Amino acid sequence: MRRPSLWMLLALLISALALAAAGCGGGDESATPTATGGGETTGALPGEGKPAVTLGTKDFPEEFILGELYKQALEAQGFTVNLKKNIGSTEVIDKALTSGQIDGYPEYLGVTVAVVARKNVVAKSAEETYALAKEFYEGRGQTLSEQTPFFDVDAIGTNKSFADENGLKTLADLKKLKSFTVGARPEFKDRFQGLKGMQEEYGLTNAKFVQLAQGITYQALDSNDVDTINVFSTDAQLASGKYVVLEDPKGIFGYQHVALVIDQKKLEELGGEFMDIINQVNALLTNDAIIAMNKAVVIDKQPEADVAGEFLKANGLA
């Protein structure tokens, strides 16, 4: 039998020392954290082990962006989020919420008061609007996150040339016209924060409603198919300078800051960290931030998931 060489003996000695060191390493506090007897893991994300949550959005790009912002920020903290986009108008998505098809969705609080709660009141402030909305939701088992700094209010827009020719600066000025057409999505016709309020508060009985899908309103205005359209104050198209937004001195379109409405029992299952994350996202959403993201999606044709992800990464939330 061949005698082991010196190099072989050294190798065996090194292996033995390594095994001995490994055997003594169980008490090393610098080792990778492991699960404790209670099933908790050191450094675990707040959403781990929590039930999945289903969020929805309405049927336009800004809502798609909001949905992605919430989804990705929550997933970054371990929550499981099912996102159902493009559910429909407020009337439709509210039924999805109350029937349990979704657990929550981002809502414009002035719309909550006027459309969901059906209160034909003109709130004097964003704070009053929030209080009215929260009181309504809590009365039927839901609650609200904190509201965003940005607000996206309905408004009436027209081509700059049409406004200049007819001396239009406010909604009241439309009464000077013999008649005019207003293009908007179907539900705008019967809302107080819509044509109904324009007629009742400004006496605009000379308005003729033209039903338009959400995505073609600006196209219809550009081709002179309608005189005016319903716009949102954070629309990316308004940055072009081609359009004029008429002032609303009577405030019929209200205060439209955004908050997440969510089922109260579901929120209790998800824990307080869930709403903390939503509120962190909301706090970042200024008008400038939303307009920039709207432009990236609507004008530059970037996927809303990518736009939301880049925003969250830039702000340390993803």
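Not measured: the values here are computed from a predicted model. (Residues numbered from 1 in each chain as written. Predicted model: local features only at pLDDT ≥ 70, side-chain atom pairs only at ≥ 80, totals over all residues. Heavy atoms only, no water.)

Some points on the overall build of the chain
1) Next: Within the chain, the secondary structure is distributed over 12 helices and 10 strands.
2) Next: Looking at the 318 residues of the chain, the share that counts as buried comes to 46%.
3) Next: Put simply, of all contacts in the chain between residues at least 6 apart along the chain, 76% involve residues at least 24 apart.
4) Next: Within the structure as shown, the chain displays about 16,100 Å² of accessible surface, and the carbon and sulfur contribution to it stands at 53%. (Helix = DSSP H or I, 4+ residues; strand = E, 2+ residues; numbered from the N terminus. Buried < 20%, exposed > 50% of the residue type's maximum accessible area, 1.4 Å probe, protein only. Contact = heavy atoms within 4.5 Å. Areas by Shrake-Rupley, 256 points an atom, 1.4 Å probe, with all protein chains shown as cover.)

Structural notes on the nonpolar core
1) Next: Within the largest apolar cluster, 39 residues are counted, with the highest numbers of intra-cluster contacts made by Leu 69, Phe 274, Leu 285 and Met 293.
2) Next: Per-element tally for this core: the top contributor is helix 2 (residues 61–75), with six residues.
3) Next: Counting 20 residues, the second largest nonpolar core, distinct from the first, contains Leu 171, Ala 184, Leu 204 and Ile 252. (Core = buried A, V, L, I, M, F, W, Y, C linked by side-chain atoms within 4.5 Å.)

Concerning helix 12 (residues 304–314)
1) Next: If you check which residues of helix 12 are buried, you get Glu 304, Val 307, Ala 308, Gly 309, Phe 311 and Leu 312.
2) Next: Elements in contact with the buried residues of helix 12: helix 2, helix 10 (272–284) and helix 11 (287–298).
3) Next: One or two positions beyond helix 12, positive phi appears at Gly 316, with a value near 70°.

Observations concerning the packing of aromatic side chains
Working definition: an aromatic ring pair is given by the centre-to-centre distance plus the angle between the planes.
1) Next: Within this structure, the stated rule accounts for six aromatic pairs.
2) Next: Geometrically, the ring pair formed by Phe 188 and Phe 253 is stacked, given 6.4 Å between the ring centres and 25° between the ring planes. Residue Phe 188 is located in the loop between strand 6 (180–184) and helix 7 (195–202), and its partner Phe 253 is located in the loop between strand 9 (243–246) and strand 10 (258–263); the two are separated by 65 residues in the primary sequence. Like Phe 253, Phe 188 is buried.
3) Next: Of the aromatic side chains, those joined through ring pairs into one cluster are Phe 60, Tyr 108 and Phe 232.
4) Next: One cation-aromatic arrangement involves Lys 250 over Tyr 202; the distance from NZ or CZ to the ring centre is 5.3 Å. (Phe/Tyr/Trp six-rings, centres within 6.5 Å; stacked < 30°, edge-to-face > 60°. Lys NZ or Arg CZ within 6 Å of the ring centre and 35° of its normal.)

Looking at the sheet that holds strand 6
1) Next: Spatially, five strands are ordered 7-6-8-5-9 in an open sheet, and the strand pairing comes out mixed. This sheet does not close on itself; its edge strands, each paired only once, are strand 7 (207–211) and strand 9. Geometrically, the sheet is characterised by an average inter-axis angle of 40° between neighbouring strands, direction not taken into account.
2) Next: Taken together, the five bridges between strand 5 (residues 154–159) and strand 8 (residues 228–232) define a ladder with antiparallel strand orientation. The partner of Ala 155 across the bridge, within strand 8, is Val 231. (Pairing = 2+ DSSP bridges. Axes fitted to C-alpha atoms, helices over the stretch in contact; angles between N-to-C directions.)

Quick look at the packing of helix 3 (residues 90–98) against helix 4 (residues 109–116)
1) Next: Following both chains from N to C, one finds helix 3 and helix 4 inclined at 85°, their axes separated by 11 Å at the closest point. Judged by the inter-axis angle, helix 3 sits roughly perpendicular to helix 4. Judged by residue contacts, Thr 90, Glu 91 and Asp 94 of helix 3 engage Val 111, Val 115 and Val 116 from helix 4.
2) Next: The class makeup of the residues in the contact of helix 3 with helix 4 is three nonpolar, one polar and two charged. (Parallel < 35°, antiparallel > 145°, perpendicular 65-115°, else oblique. Nonpolar A, V, L, I, M, F, W, Y, C, P; charged D, E, K, R; others polar.)

Notes on the pairing of strand 7
1) Next: As paired strands, strand 6 and strand 7 are joined by five bridges and run parallel to one another. The residue bridging Val 182 from the neighbouring strand is Phe 209, located in strand 7.
2) Next: Taken together, strand 6, helix 7 and strand 7 constitute a β-α-β crossover, and its handedness is right-handed. (Right-handed = clockwise from strand over helix to strand, strands pointing away.)

Focus on the confidence of the model for the chain
Low pLDDT means the predicted coordinates in that region are not meant to be read closely.
1) Next: For the chain, the average pLDDT comes to 87, and 86% of its residues sit at 70 or higher.
2) Next: Contacts from residues 1–42, a stretch scored under 50 in pLDDT, to residues over four places away or in other chains number six contacts. (pLDDT = per-residue confidence, 0-100.)

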